[in-house]
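Here is what each chain is made of, one letter per residue.
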Amino acid sequence: QVQLVESGGGLVQAGGSLRLSCAASGSISSFNFMGWYRQAPGKGRESVAWIISSGSTNYADSVKGRFTISRDNAKNTVYLQMNSLKPEDTALYYCHFRRYLTQDFWGQGTQVTVSS
C-alpha cells in the first residue's frame, strides 16, 4: 500500500504563489499517472494537472500558463507550482497516483485559500 501526503497549502493573496508537494511512501517510478485535483465547496472534483510516465504533462484550461506540475523521482514527490493565484483557485487540493491501470491512490488533501 502506498501512502500519499500533500503539503504546502495555505492562505495567500491573489497574485501570489504556492508550491504543493505530494510525497509518496515508496518509489514513484512505477506510477503511470500522477495528478492533482481540486474540489471547491459545493462543487465537484476537478482535474487540475497531470504528468504521465513519459514525462508529458497536461493542464486544465483554467490553470494553463499559471500552474506547473513536476516530479522528483529521487524524492518520490510530485509538485504543483501555482503562480498568479486567483480567488477561484480556492479549493482542497488532492494528489492522485495510478499504476498498472487499476491501482489508485489518493492523498488526504491540502487546503488552498486565495484572498482577493
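Below is a short write-up of the structure. Just so it is clear, the structure is predicted and the values come from calculations on it, not from any experiment. (Residues numbered from 1 in each chain as written. Predicted model: local features only at pLDDT ≥ 70, side-chain atom pairs only at ≥ 80, totals over all residues. Heavy atoms only, no water.)

Along its length, the protein carries 0 helices and 11 strands. Secondary structure elements of the protein occur, N-terminal to C-terminal, as β-β-β-β-β-β-β-β-β-β-β. Since a compact globule built from 116 residues should have a radius of gyration of about 13 Å, the 13 Å found for the protein is in line with a globular shape. Counting only C-alpha atoms and orienting by the principal axes, one finds that the protein spans roughly 40 × 25 × 25 Å. Taking all 116 residues of the protein together, 42% fall into the buried category. Looking at the protein alone, contacts between residues at least 24 apart form 52% of all its contacts between residues at least 6 apart. Of the roughly 6000 Å² of accessible surface on the protein, 46% is carried by carbon and sulfur atoms. Of the side chains in the protein, 11 bear a positive and 7 a negative charge, and the two mean positions are spaced by 3 Å. (Helix = DSSP H or I, 4+ residues; strand = E, 2+ residues; numbered from the N terminus. Rg over C-alpha atoms; globule rule 2.2 N^0.38 Å. Buried < 20%, exposed > 50% of the residue type's maximum accessible area, 1.4 Å probe, protein only. Contact = heavy atoms within 4.5 Å. Areas by Shrake-Rupley, 256 points an atom, 1.4 Å probe, with all protein chains shown as cover. Lys, Arg positive; Asp, Glu negative; His and termini not counted. Charge placed at Lys NZ, Arg CZ, Asp CG, Glu CD.)

Attention shifts here to the nonpolar core. Membership of the largest hydrophobic core comes to 31 residues, with the highest contact counts inside it found for W36, L80, M82, Y93 and F97. Secondary-structure elements contributing two or more residues to this core are β3 (18-24), β4 (33-39), β5 (45-52), β7 (67-72), β8 (77-82), β9 (91-99) and β11 (110-115). Here L80 is in contact with L18, R19, L20, W36, V48, A49, F67, T68, I69 and Y93, once residues within four sequence places are set aside. (Core = buried A, V, L, I, M, F, W, Y, C linked by side-chain atoms within 4.5 Å.)

This paragraph deals with the state of the cysteines. For the coordinates displayed, the defined rule picks out 1 disulfide. One disulfide in the model links C22 with C95; its S-S distance is 2.0 Å. Note on the C22 and C95 pair: the S-S dihedral is about 60°, so by sign convention the disulfide is right-handed. Here C22 is found in strand β3, whereas its partner C95 is found in strand β9, with 73 residues between them in sequence. Assigned by exposure class, C22 and C95 land together as buried. (Disulfide = S-S within 2.5 Å.)

Tallied over the entire structure, the rule returns 5 salt bridges. As a salt-bridge pair, R38 and E46 come within 2.8 Å of each other at their nearest N and O atoms. Among the residues examined, R38 registers a relative accessible area of 6% and is labelled buried. A relative accessible area of 30% places E46 in the partly exposed class. When salt bridges with common partners are traced through the structure, they connect R38, E46, R66 and D89 into a single cluster. (Salt bridge = Lys/Arg side-chain N within 4 Å of Asp/Glu carboxyl O.)

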